[in-house]
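Chain residues, written in single-letter form:
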Protein chains: 4
Amino acid sequence: MQNNGYEEQNINNVQDILGKEFKVLDHGFIRLLEIMGDDSSICQAARVSYGKGTKSVREDRALLRYLMRNAHTSPFEMVELKFHVRMPIFVARQWIRHRTANVNEYSGRYSEMTDEFYLPQADQIRTQSQVNKQARSEDQLDETRANEIIEQMKDSQAESYNEYKEYVAEGVAREIARINLPLSSYTEWYWKIDLHNLFRFLKLRMDHHAQYEIRVYANIIADILKQILPISYEAFSDYILNSVTFSKSELFKIKDSIANFDFDNLTPENSNLSKTEIAELKNKINFIKQL
Amino acid sequence: MQNNGYEEQNINNVQDILGKEFKVLDHGFIRLLEIMGDDSSICQAARVSYGKGTKSVREDRALLRYLMRNAHTSPFEMVELKFHVRMPIFVARQWIRHRTANVNEYSGRYSEMTDEFYLPQADQIRTQSQVNKQARSEDQLDETRANEIIEQMKDSQAESYNEYKEYVAEGVAREIARINLPLSSYTEWYWKIDLHNLFRFLKLRMDHHAQYEIRVYANIIADILKQILPISYEAFSDYILNSVTFSKSELFKIKDSIANFDFDNLTPENSNLSKTEIAELKNKINFIKQL
Amino acid sequence: MQNNGYEEQNINNVQDILGKEFKVLDHGFIRLLEIMGDDSSICQAARVSYGKGTKSVREDRALLRYLMRNAHTSPFEMVELKFHVRMPIFVARQWIRHRTANVNEYSGRYSEMTDEFYLPQADQIRTQSQVNKQARSEDQLDETRANEIIEQMKDSQAESYNEYKEYVAEGVAREIARINLPLSSYTEWYWKIDLHNLFRFLKLRMDHHAQYEIRVYANIIADILKQILPISYEAFSDYILNSVTFSKSELFKIKDSIANFDFDNLTPENSNLSKTEIAELKNKINFIKQL
Amino acid sequence: MQNNGYEEQNINNVQDILGKEFKVLDHGFIRLLEIMGDDSSICQAARVSYGKGTKSVREDRALLRYLMRNAHTSPFEMVELKFHVRMPIFVARQWIRHRTANVNEYSGRYSEMTDEFYLPQADQIRTQSQVNKQARSEDQLDETRANEIIEQMKDSQAESYNEYKEYVAEGVAREIARINLPLSSYTEWYWKIDLHNLFRFLKLRMDHHAQYEIRVYANIIADILKQILPISYEAFSDYILNSVTFSKSELFKIKDSIANFDFDNLTPENSNLSKTEIAELKNKINFIKQL
Ligand SMILES: Cc1cc2nc3c(=O)[nH]c(=O)nc-3n(C[C@H](O)[C@H](O)[C@H](O)COP(=O)(O)OP(=O)(O)OC[C@H]3O[C@@H](n4cnc5c(N)ncnc54)[C@H](O)[C@@H]3O)c2cc1C
Ligand SMILES: Cc1cc2nc3c(=O)[nH]c(=O)nc-3n(C[C@H](O)[C@H](O)[C@H](O)COP(=O)(O)OP(=O)(O)OC[C@H]3O[C@@H](n4cnc5c(N)ncnc54)[C@H](O)[C@@H]3O)c2cc1C
Ligand SMILES: Cc1cc2nc3c(=O)[nH]c(=O)nc-3n(C[C@H](O)[C@H](O)[C@H](O)COP(=O)(O)OP(=O)(O)OC[C@H]3O[C@@H](n4cnc5c(N)ncnc54)[C@H](O)[C@@H]3O)c2cc1C
Ligand SMILES: Cc1cc2nc3c(=O)[nH]c(=O)nc-3n(C[C@H](O)[C@H](O)[C@H](O)COP(=O)(O)OP(=O)(O)OC[C@H]3O[C@@H](n4cnc5c(N)ncnc54)[C@H](O)[C@@H]3O)c2cc1C
């Protein structure tokens, strides 16, 4: 709506990105189809609460960051994004667990499944992690063996697909013919979500606990957001992605170290912190000291 | 995105309507701020399932109507609308019950409340309905008395507001000062919702069971949709708003009458029904006959 | 909470059913783990609106049916059910699309997948339907061929599982080892949902458009509800499952037949309809006549 | 379901609390009507993912705390609570903004409004905060004046109610008669929510940014949870309520102080931290040092 100057660059970015296909994994992609709103719409929506109109870019940035760090999440719901995504079914199964989205998926009941399957790169054939009980470790399998596995997987995929095609050819209903296709089969969907819930998705799926194959999708979405919603993304990165939370028991232990912190000389000039943020930091340190 | 001809008129309609203020009640309004998608986006999203691309307007219309009458609601979630609305608090209280929306409301804690209050027209001062236990009847109060009531309401609103202003002036926190303001006070918000859930809102709030003061808002939203999403709205009107549902017991009773229905001569030419719809109607009638 | 007599039988039913394993398909099951509320809780919640207390069973039934046929869905959200379900992954993929539920699923990243896979019965190996473009038809494949296919599917499942076990044995991370397991692999989850949304699930998944393999689960849930929430289920069955909706254009066509309907002799005694329902039926018929 | 010993005390607590009326403000209350699940159900649900059965209380506690601090929120959704609450309308307006709940509210259209209104205590008549722009400050108004205001508010409430009664008496529809009742009028509802979203509600509404009059309700709910879900509540308190989050820019500033922290001597014995938590703390400190 209202345009207060700084949006021009951004609009160019959006134009460049809309509809563009970003390749992911071997046969996947992400395309941003449409976006409703931008960084300034978040502020506009928040300002309804204050009964005040449009402000300067600088004030917008300060407000947006304030909203982010204080968990005023509702204004971030005012931006909506629609993507077209293609990914292996085992990734789709993790993705769909995010319920605050609208989805239309390719149907293996209506339409024939394609012959594309995900094959990991050799360096992704890793051992089970001993630390993170759900994930792969940093240790790769012996490369020769890894390549053998990939070949075997490929053969197995081809075989499953041949049987599928055979069944379909003789008239078997697609919904039955497909039941033995592997979880590595590619599917695709339209996926629409608001920015607050997209950030939650990113927080969970960019994390090192998330499976590599969904993480690469999350990272690309993050790259897209960085360009089209630069202020929001920066705030998300500072206050959520790269923040650290200490529990009460942890604080109790680190409080003596923290107590050393001298915030008297802290100014907006010698830090990345605004005046408000400095005041908030003091409050946190004082809260910790008093534990 | 893809444009297949018939959208041009529609785009003009959208341009005419975006940002335009539609007056409602004495001090309320509705403004459509932004829309993501149009009638054809619904079809595009649905076609992801079929693995097929863009089609003609005629095919779009047939598909969209098919989706509507078969409760394939997910493609309708692919259109998103953002409104700015101003309404009395008692209306806002009913409205907010629709949880599938994003909201940013004017805050009586941050900002001063305005001096605008809803006053009913004399012809809306009606008696309690005896049939519909929650609503007003068709019977108006004696007009003189109605006008007296309106005057008294007005005085009472002014008095409440004066006290509010007085408290605020002497420094009382706004969140406390406002607690005796009447439910007729106006508030406003940004409200963002997808089309499927907006249709559900309309179905419930255009209904004669809904309170008049929210119905007038619903009706205006319906008028807006009619212009910017003509095919969707027509389908909603035919299959939801103006449809009739008969329960099993009712069907049991009307089945003899229905049995008389001669669908042999029914054709797309002599009815508003497509070939598919005629087949579906036959199925319904046969289902009823066999009860 | 309050117990007004008729609940005793029901409580027995609940005790019999809680925790009981209902077999579905070849290796699946459904177990109802917990339930919050019963038929009378729905009425109690609704009565908060009317500011009135507990009533007799008869009044409860009438109220509940009134709520159901008038789409007053919120009181049905006051009953919550928690299930433990085991099903093939292709069924789970359809099931999870119902977002208004809470889910905890078995993790193929943490834990080893079991060696159980779904194999259709020979009579379910059918051809693609020509009418319903997404489903199987009524026509079975030649039985010999069907049995061959089943054997081939079984071999293919065993092979995939052997490769999986081999990879896991040599230390490959489970999240990678499993990517070629078939969609027929069994998974399981805890699934918690409220009654309103469960009815919506049933409406969509008991329907003949739904895939047979999820329909059998929906049917068993329906059987469970019939026993533990008999009044609610009956209302759902009368007003939703077995009702028929006519669109405006259809009504226009059947209105002459309907006009024949003589409701003068219609009484609660000679029909399954209450006085209120008879009044509502008259309204519908009159609405139709005036089209 | 499965009971592993420590639940006995807890079951007693639940029995004592179910149905009990906790008074809030002058005419409000909270009653816990029903609960589905307990601390151990959360673990049971989580263990579906690991394919493992019931464990000891100690292991349950460790698991539950792990889930809480790693934002594995889905198992907390497996506990459901139903409350009966009575509160002033201005509180209800804030409360209802939490959309992840099921609600049935007293209807001013069906039923007559009662003559109870909220009146603040004199010490709550405070000035607008200069720091927190939405809230009251710590400064009370002069007590005499505060008491005057309370008297005036009381009169104003009585007057509004008299007019309301008068309108209703002469037959005016309740939905119209009530529009000038004040926001301080009491309403009530049944409110059902899962534990994850209830914690989110508490986090936002126990916070000092929340209005005092909703905070007192949140605090009482917290007290109830402390008794019936002691392990969950403790985890919530340690990891959410009393945790501190530092943004990237803040970390950059405090990193030198933090660097002093000597975790070599840190053991489960001399801290409140488990071995896993100590490992996690080291990771955090190392992450910070490397900024
Ligand atoms: C026979 C059949 C065929 C199907 N074919 C396909 C297909 O080809 N492709 C495909 O993608 N899907 C298909 N589906 C799935 C379908 O589109 C729905 O996703 C699914 O049935 C869940 O329905 P629901 O949205 O009503 O349920 P729920 O997700 O439980 O939602 C219930 C209601 O809650 C509200 N709601 C819940 N979450 C949200 C949210 N995040 N945003 C907005 N509103 C929300 C909506 O009002 C919704 O109607 C098919 C379903 C059936 C039954
Ligand atoms: C101190 C304070 C001040 C506030 N001031 C204002 C104000 O001035 N103006 C104002 O309008 N509000 C204000 N709010 C309300 C606030 O914006 C939230 O609406 C409210 O706190 C509910 O929070 P929630 O959205 O996290 O909760 P819920 O609605 O319970 O949602 C929980 C989570 O579920 C998801 N979710 C649920 N429903 C949807 C949906 N329909 N679409 C997308 N995601 C969904 C989201 O991930 C959400 O975070 C204030 C709240 C607080 C605590
Ligand atoms: C590393 C990792 C490992 C995981 N492992 C497992 C596993 O082993 N097993 C497993 O089952 N899952 C697992 N998950 C999935 C996880 O439990 C969540 O389902 C998923 O991350 C979606 O998160 P969400 O609920 O926050 O998102 P959304 O569904 O988008 O919800 C966002 C918020 O909206 C609200 N909300 C939305 N819908 C509802 C609803 N119907 N009812 C109540 N509140 C609602 C809630 O407040 C919620 O926090 C894992 C996830 C990650 C990232
Ligand atoms: C004429 C009329 C009279 C009414 N009278 C009363 C009354 O006396 N008392 C009263 O309390 N209310 C009353 N209501 C409000 C009514 O109960 C609903 O709250 C309101 O209409 C919103 O409807 P909804 O739930 O379908 O909409 P939404 O909240 O938008 O939900 C749409 C769908 O999404 C799903 N959904 C969304 N959020 C959730 C969630 N958190 N959990 C589970 N499913 C979810 C459900 O499937 C739901 O049907 C009345 C409404 C009308 C129209």
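Notes on the structure follow. Note that this is a predicted model, so its numbers are computed, not measured. (Residues numbered from 1 in each chain as written. Chains lettered and ligands numbered in written order. Predicted model: local features only at pLDDT ≥ 70, side-chain atom pairs only at ≥ 80, totals over all residues. Heavy atoms only, no water.)

Digging into the overall build of chain A
Next, step 1: The number of helices and strands found in chain A is eleven helices and eight strands.
Next, step 2: Taking 19 Å as the expected radius of gyration for a compact globule of 291 residues, we find that chain A reaches 24 Å, considerably beyond that expectation.
Next, step 3: Over its C-alpha atoms, taken along the principal directions, chain A stretches across nearly 75 × 50 × 30 Å.
Next, step 4: A buried classification covers 61% of the 291 residues belonging to chain A.
Next, step 5: Sequence-distant contacts, at least 24 apart, represent 72% of the contacts inside chain A between residues at least 6 apart.
Next, step 6: Entry remark: accessible area of chain A is about 11,700 Å², with carbon and sulfur atoms responsible for 46%.
Next, step 7: Distance between charge centroids for chain A: 8 Å, based on 37 positive and 43 negative side chains. (Helix = DSSP H or I, 4+ residues; strand = E, 2+ residues; numbered from the N terminus. Rg over C-alpha atoms; globule rule 2.2 N^0.38 Å. Buried < 20%, exposed > 50% of the residue type's maximum accessible area, 1.4 Å probe, protein only. Contact = heavy atoms within 4.5 Å. Areas by Shrake-Rupley, 256 points an atom, 1.4 Å probe, with all protein chains shown as cover. Lys, Arg positive; Asp, Glu negative; His and termini not counted. Charge placed at Lys NZ, Arg CZ, Asp CG, Glu CD.)

Focus: the packing of aromatic side chains
Next, step 1: By the definition in use, this model includes 54 aromatic pairs over all chains.
Next, step 2: Residues Trp 95 of chain A and Tyr 217 of chain A carry aromatic rings whose centres are separated by 5.6 Å and whose planes lie at 75° to one another, so their mutual orientation is edge-to-face. In this pair, Trp 95 of chain A is assigned in helix H4 (residues 89-95) and Tyr 217 of chain A in helix H8 (residues 212-228), connecting sequence segments 122 residues apart. In terms of burial, Trp 95 of chain A and Tyr 217 of chain A fall into one category: buried.
Next, step 3: Residues Phe 76 of chain C and Phe 199 of chain C carry aromatic rings whose centres are separated by 6.4 Å and whose planes lie at 70° to one another, so their mutual orientation is edge-to-face. (Phe/Tyr/Trp six-rings, centres within 6.5 Å; stacked < 30°, edge-to-face > 60°.)

Re the interface of chain C and chain D
Next, step 1: Between chain C and chain D, the contact holds 37 residues from the first and 36 residues from the second.
Next, step 2: With both chains or domains summed, chain C and chain D bury close to 3,000 Å², and 57% of this area falls on carbon and sulfur atoms.
Next, step 3: Inspection of the region where chain C meets chain D yields two salt bridges.
Next, step 4: Of the charged contacts in the structure, one is a salt bridge between Glu 80 of chain C and Lys 192 of chain D, with a shortest N-O distance of 2.5 Å.
Next, step 5: At the level of secondary structure, the elements contributing two or more residues to the side of chain C that touches chain D comprise strand S2 (28-36), helix H2 (39-50), strand S3 (80-88), strand S4 (101-105) and strand S7 (186-194) of chain C.
Next, step 6: Looking at the side of chain C that touches chain D, its residues break down into 18 nonpolar, eleven polar and eight charged. (Buried area = accessible area lost by both parts, 1.4 Å probe. Salt bridge = Lys/Arg side-chain N within 4 Å of Asp/Glu carboxyl O. Nonpolar A, V, L, I, M, F, W, Y, C, P; charged D, E, K, R; others polar.)

What to know about the sheet that holds strand S7 (residues 186-194) of chain A
Residues and elements named next belong to chain A.
Next, step 1: With antiparallel pairing, five strands are arranged side by side in an open sheet as S1-S2-S3-S7-S4. Of all the strands in the sheet, the pair left with one neighbour each is strand S1 (21-24) and strand S4 (101-105). In this sheet, adjacent strand axes meet at a mean angle of 20° when their direction is disregarded.
Next, step 2: Note: strand S2 (residues 28-36) against strand S3 (residues 80-88), seven bridges, orientation antiparallel. Bridge pairing in S3 places Glu 34 opposite Lys 82.
Next, step 3: Contacts between helix H7 (residues 195-205) and the sheet are confined to S3 and S7, with S7 contributing the most and set at about 130° to the helix.
Next, step 4: Relative to S2, H8 is tilted by about 35°, and along the sheet it contacts S1, S2, S3 and S7. (Pairing = 2+ DSSP bridges. Axes fitted to C-alpha atoms, helices over the stretch in contact; angles between N-to-C directions.)

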